[in-house]
Amino acid sequence: MIPSNPMIDSFGRRISYVRLSVTDRCDLRCRYCMAEHMTFLPRKDVLSLEEMVELTDILIARGVKRIRLTGGEPLVRKGIDQLVRELGKRIGRGLDELTLTTNATQLAGHAAMLFGCGIRRINVSLDSRDPDRFRHITRRGDLAQVLAGIEAAADAGFKIKINMVALKGINEDEIAPMLRWCASQGHDLTLIETMPLGEVEEDRTKHYLPLSDVRARLEEEFRLMPSLARTGGPARYFEVEQLGIRLGFITPLTHNFCDGCNRIRIAATGTVFGCLGHEQKVELRDLLRNGSPEAIDDALNQLLAGKPKGHQFRIAAARPAVERHMSVTGG
Ligand code: SAM
């Protein structure tokens, strides 16, 4: 189905991918992501599940084909089952794919439901497989609970991709072992550079690890064959010949991935961001509550007209590139 009113920005990029943050809340407090004492949004500021579905329908009508649910932690949102069930009905009816990014703490209890609603691919964030280190990074996480969630998802039939933020001096020695573990489990792995998003107590510069270095190190041990595979996201992929799995690199700092950007990001408040690394945004919550579909279309057009060409993150800058945390924009 060709939309009559597709979303195309001023650089000719067509928007077909949306990351929808269903809550800014999370049950973990990863040090590079959040402050220890985060203030979360009051409930009245957050879109209701019905408003999220209404917005999704508007976006699908304008050519969005893929939606990734994220947060915060999407599985801590009350009523997430209801939302996934509703959005799942759109798969094959305008929507090609519904996916989810999760920390897996609640995945064991949700895996069957998510699969039943038509989700087939899940990204799980896992920065360490050492229980103490995992607790340190997340400030509270229980690794066993997360591993049980991953296992339940694999049993349910999901294709799982593990996302690991590469942290100098914290988990860099676990990257090759994580790759081998992923291969043994049949999961793909994507490595991510830390991005300067929102104030946290830690100095991110201290733990910033350029993935160009990581790749060079891995290439001493593994043959990495560039792959043309794309999954709708910003990762660049390699096939790891010896292991038979795919390794992705998300390198917003060492290599900017903005040219082919096909996405917008929706915060749980209905604020829509054109770029992870810019403040440019439009507010849709009040329009969803009191406006008209035309007013929402106009606001989306305004967002597209001003969508930045790309971001220029600098890890050593005195201040974060943007004030909002990844958990607010939707990681
Ligand atoms: N709670 C879910 C999860 O853990 O996957 C979804 C939201 S989380 C914000 C999404 C991803 O963003 C996680 O993989 C997390 O590690 C990553 N992330 C958060 N803040 C980041 C930062 N400043 N730089 C790089 N990655 C970050």
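Residues numbered from 1 in each chain as written. Predicted model: local features only at pLDDT ≥ 70, side-chain atom pairs only at ≥ 80, totals over all residues. Heavy atoms only, no water.

I would appreciate a short explanation of unusual backbone geometry in the present structure.
Most peptide bonds adopt trans geometry, and most residues besides glycine take a negative phi value. For alanine 104, which is not glycine, the phi torsion reads 75 degrees and is therefore positive. Mapped onto the elements of the fold, alanine 104 is located in the loop between strand 3 (97–102) and helix 3 (107–116). The exposure class of alanine 104 is buried, given its relative accessible area of 0%. The residue arginine 139 is not glycine, and still its phi comes out positive at about 65 degrees. The residue arginine 139 is located in the loop between helix 4 (131–138) and helix 5 (143–156) in this model. Here arginine 139 falls in the buried class, since its relative accessible area comes to 17%. (Helix = DSSP H or I, 4+ residues; strand = E, 2+ residues; numbered from the N terminus. Buried < 20%, exposed > 50% of the residue type's maximum accessible area, 1.4 Å probe, protein only.)

What am I meant to see in the sheet that holds strand 6 (residues 188–192) here?
Strand-to-strand pairing in sheets goes through backbone hydrogen bonds, with the strands running parallel or antiparallel. Spatially, 7-8-9-6-5-4-3-2-1-10-11-12 is the arrangement adopted by the twelve strands of the open sheet, whose pairing is mixed. Edge positions in the sheet fall to strand 7 (224–226) and strand 12 (281–283), since each of these pairs with one other strand and no more. Along the sheet, successive strands turn relative to each other by an average axial angle of 25 degrees, direction set aside. Of the strand pairs in this sheet, strand 6 and strand 9 (residues 245–250) are connected by four bridges, and their pairing is parallel. (Pairing = 2+ DSSP bridges. Axes fitted to C-alpha atoms, helices over the stretch in contact; angles between N-to-C directions.)

Would you mind showing me how to read the site of the ligand here?
Of all residues adjacent to the ligand, which total 18 residues, the nearest are Tyr32, Gly72, Glu73, Ser125 and Met195. Glutamate 73 is positioned such that a nitrogen or oxygen atom in its side chain is 3.0 Å from a nitrogen atom of the ligand. Between the ligand and threonine 102, the relevant distance is 3.4 Å, taken from an oxygen atom to a main-chain nitrogen or oxygen of the residue. When isolated, the ligand has an accessible area of 540 Å², and the protein chains bury 94% of it. (Near = heavy atom within 4 Å. Polar contact = N/O pair within 3.5 Å; in protein donor to acceptor, adjacent residues only side chain to side chain. Areas by Shrake-Rupley, 256 points an atom, 1.4 Å probe, with all protein chains shown as cover.)

Please clarify how the packing of aromatic side chains should be interpreted in this entry.
We describe a pair of aromatic rings using the distance from one ring centre to the other and the angle between the two ring planes. The final tally for this structure, using the stated rule, is two aromatic pairs. Ring geometry for phenylalanine 115 and phenylalanine 158: centres 5.1 Å apart, planes at 85 degrees, overall edge-to-face. With phenylalanine 115 in helix 3 and phenylalanine 158 in the loop between helix 5 and strand 5 (159–165), the pair connects residues that are 43 residues apart, well separated along the chain. A relative accessible area of 23% places phenylalanine 115 in the partly exposed class. A relative accessible area of 7% means that phenylalanine 158 is categorised as buried. When the centroid spacing of 5.5 Å and the interplanar angle of 85 degrees are considered together, the rings of phenylalanine 238 and phenylalanine 249 count as edge-to-face. Taken together, the positions of phenylalanine 238 in strand 8 (residues 236–240) and phenylalanine 249 in strand 9 put the pair eleven residues apart, joining distant regions of the chain. Arginine 263 extends its terminal NZ or CZ atom over the ring of tyrosine 17, reaching a point 4.3 Å from the ring centre. (Phe/Tyr/Trp six-rings, centres within 6.5 Å; stacked < 30°, edge-to-face > 60°. Lys NZ or Arg CZ within 6 Å of the ring centre and 35° of its normal.)

Got a minute to help me understand helix 10 (residues 293–306) in this structure?
Given 3.6 residues per turn, any residue in an α-helix points the same way as the ones three and four places further on. With 14 residues, helix 10 extends 20 Å between its outermost C-alpha atoms, agreeing within 8% with the 20 Å of an ideal straight helix rising 1.5 Å per residue. Among the residues making up helix 10, those that are buried are Ile296, Ala299, Leu300, Leu303 and Leu304. Taken end-on, helix 10 shows its buried residues confined to a sector of 140 degrees, consistent with a single buried face. Opposite the packed face of helix 10, turned more than 90 degrees from it, sit the exposed residues Glu294, Asp298, Gln302 and Ala305. Tucked inside the fold, the buried residues of helix 10 contact helix 1 (49–61), strand 10 (263–266), strand 11 (271–273), strand 12 and helix 9 (285–290). (Expected span 1.5 Å × (residues − 1). Arc of directions from axis to C-beta. Contact = heavy atoms within 4.5 Å.)

Please explain the nonpolar core as it appears in this structure.
Across soluble globular proteins, nonpolar side chains have a tendency to be buried as a group. Membership of the largest hydrophobic core comes to 99 residues, with the highest contact counts inside it found for Leu114, Leu191 and Leu218. Among the elements that take part in this core, helix 1 stands out by supplying seven residues, more than any other. Sequence-distant contacts of leucine 218, defined by excluding residues within four places in its chain, comprise Ile175, Ala176, Leu179, Leu191, Leu224, Leu247 and Phe249. (Core = buried A, V, L, I, M, F, W, Y, C linked by side-chain atoms within 4.5 Å.)

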